[in-house]
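These are the residues of each chain, in order.
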Amino acid sequence: MTDTYLKLVNAQPFSRVAKAAGLPRPVPLRRYVPGAPLVPGPVLVLGRSRSTQAAAETLLEWNLDVRRHLRPKEKFGAAVVVLDDLAHPGELSDVLLELGNGLRNLLPGGRIVTISRSVASGLPPQVAAARQAVDGMLRSLAKELRGGATANGILLGEGVDVGAPSVRDALEFLLSGKSAYVDGQFITVGSDSGKRQKPAVLPLAGRTAVVTGAARGIGAEIVNVLRRDGAQIIAVDVPAAGEQLAQVANGAGGTALQVDITAPDACERILQHAASRYGGLDIMVHNAGITRDRLLANMDEARWNSVLAVNVEAQLRINEQLLDSDIFDADGSIVCLASTSGIAGNRGQTNYAASKAGVIGMVRATADALAGSGRTINAVAPGFIETDMTAKIPFATREVARRLSSLQQGGLPLDVAEAVSFLASSGAAGINGQVLRVCGQNLVGA
């Protein structure tokens, strides 16, 4: 659905009126365009550790215009802040104050990316304090940026360095237009696993992907983006959506499979189709989901049970069979659609929030079991996304929901699909058990 306010506020004379009245002034976000530069200007690299030079050399390999210090009044497109060797919170000030001095020169659609280490048990208190301080700083900075700029972080697990494949891929994703609606978030890289594909414009080349709930909305967009990135597509949806499903699959040069994912034989049929048509399966995207909203006081058994059955119980059953199968690749990736409702809750959605929180729990537990196996499982948690479903929300409620994020607008199905494709790529093999919010930072404290 078109965001009419966003269009109005970026055109005269309403733009002046909105500024004078102190109204929200969202801007069109910088999204991925094939062939466009990774960032809109020079990249400032800040840090005191030896890894800072390694990060700068990575950016130079990508033919970016790298600066270690800003020139007076020079505009820049992104800043990469390397904070991987912090031993005390006092060590933050020099680097971050230098960043702050240059922020007014960050171009619209710019990116700030921190690279620091995760907080693990057993650390000295001052080290843990320094690492956790980056979390609070980054999430606050994301709320301060304007002009469609975002701030996100990469957390290095113990023993992981800046040159790890998944660190490089995460950095590329967060600098690019593919992360337009990811803001105030961290991606943890837990291992050195992963392999960058060359050329990076086809990160899913040679891989076969199943997308459930593919007939429309976010599912259809995931199909399009995975295909754009080189994957062969199996589009799955219920028989009632057969005509739309065929159109989506045909548009991606893939195949359509009509399956009710709540059926006991759903996974068997998916695996048989993948084996017979493509020789195996590499990527499973659990996108299918339903809503049956009611206050818990008015909830009936059918509404509760149907939402849990589709949104989480089907995924549990399919994953169990999938991970026991040799048809699913030894380096296979599972990406599940969760929701910010499953993190923060939402009035009238106790059943939906329970199901999506269940997905998050499932992902984290399964990731522990998959650690070191070569396979990964992660989740994407969308916030307010412009879909047919959100178009039915009453006007006033919809407008409030759009403006509550740091980016002051809803996301697009494309934004969710970009995150799914990133997590499904071989380069993200060092990322396991993560929940990546695609919400424009619309949760208090998130």
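Because the structure is a prediction, the values reported are computed rather than measured. Residue positions are given per chain, counted from 1 along the sequence in the order it is written. The model is predicted, so local features are restricted to residues of pLDDT at least 70 and side-chain atom pairs to those at 80 or more, both for listing and for counting; the totals for chains, interfaces and linings are taken over all residues. Hydrogens are left out, water is left out, and the side-chain values use all remaining heavy atoms of the structure.

## Some words on the overall build of the protein
Now for step 1: Within the protein one finds 15 helices and 13 strands.
Now for step 2: Throughout, the radius of gyration refers to the C-alpha atoms, and the reference size of a globule is 2.2 Å times the residue count to the power 0.38. In terms of overall dimensions, the protein is globule-like: its C-alpha atoms have a radius of gyration of 22 Å, near the 22 Å expected for 446 residues.
Now for step 3: Counting every position in the protein, which comprises 446 residues, the buried fraction comes to 55%.
Now for step 4: By the counting rule applied here, Lys and Arg register as positive and Asp and Glu as negative, while His and the ends of each chain are not counted. Charge placement uses NZ in Lys and CZ in Arg. For Asp and Glu, CG and CD serve respectively. For the protein, the centre of its 44 positive side-chain charges and the centre of its 41 negative side-chain charges are spaced 8 Å apart. Secondary structure elements are taken from DSSP: a helix is a run of H or I of four residues or more, a strand is a run of E of two residues or more, and numbering for both begins at the N terminus. Each residue gets one of three labels from its accessible area relative to the maximum for its type: buried under 20%, exposed over 50%, partly exposed in between, using a 1.4 Å probe on protein chains only.

## Notes on unusual backbone geometry
Now for step 1: A cis amide bond links Gln-12 with the next residue in sequence, Pro-13, at an omega value of 5 degrees.
Now for step 2: Within the secondary structure, Pro-13 is located in the loop between helix H1 (4-9) and helix H2 (14-21).
Now for step 3: Positive phi values are uncommon outside glycine, yet Lys-73 reaches one of about 65 degrees.
Now for step 4: Along the chain, Lys-73 falls in the loop between strand E2 (66-67) and strand E3 (76-83).
Now for step 5: The class for Lys-73 is exposed, based on a relative accessible area of 77%.

## Structural notes on the packing of helix H6 (residues 165-175) against helix H15 (residues 413-424)
Now for step 1: For the pair H6 and H15, the least separation of the axes is 11 Å and the interaxial angle reads 170 degrees. In terms of axis orientation, H6 runs roughly antiparallel to H15. The handedness of the crossing between H6 and H15 is right-handed. Two secondary-structure elements touch here, H6 through Asp-169, Ala-170 and Phe-173 and H15 through Glu-418, Ala-419 and Phe-422. Lines fitted to the C-alpha atoms define the axes, with helices restricted to the stretch that makes contact. Angles between their N-to-C directions range from 0 to 180 degrees. When an angle is under 35 degrees it counts as roughly parallel; over 145 it counts as roughly antiparallel; between 65 and 115 it counts as roughly perpendicular; any other value is oblique. By definition, any crossing whose near helix is turned counterclockwise from its far helix by less than a right angle is left-handed, and any crossing with a clockwise turn is right-handed. It only takes one pair of heavy atoms within 4.5 Å for two residues to be counted as in contact.

## Description of the packing of aromatic side chains
Now for step 1: Centres within 6.5 Å are what make two rings of Phe, Tyr or Trp a pair, Trp counting through its six-membered ring; a difference in plane orientation under 30 degrees is then read as stacked, over 60 as edge-to-face, and the rest as tilted. According to the stated counting rule, one finds one aromatic pair in the structure shown.
Now for step 2: Here Phe-173 and Phe-422 contribute two aromatic rings whose centre-to-centre distance is 4.5 Å and whose plane-to-plane angle is 5 degrees, an arrangement assigned as stacked. Highlighted residues: Phe-173 in helix H6 and Phe-422 in helix H15, separated in sequence by 249 residues. One exposure class covers both Phe-173 and Phe-422, and it is buried.

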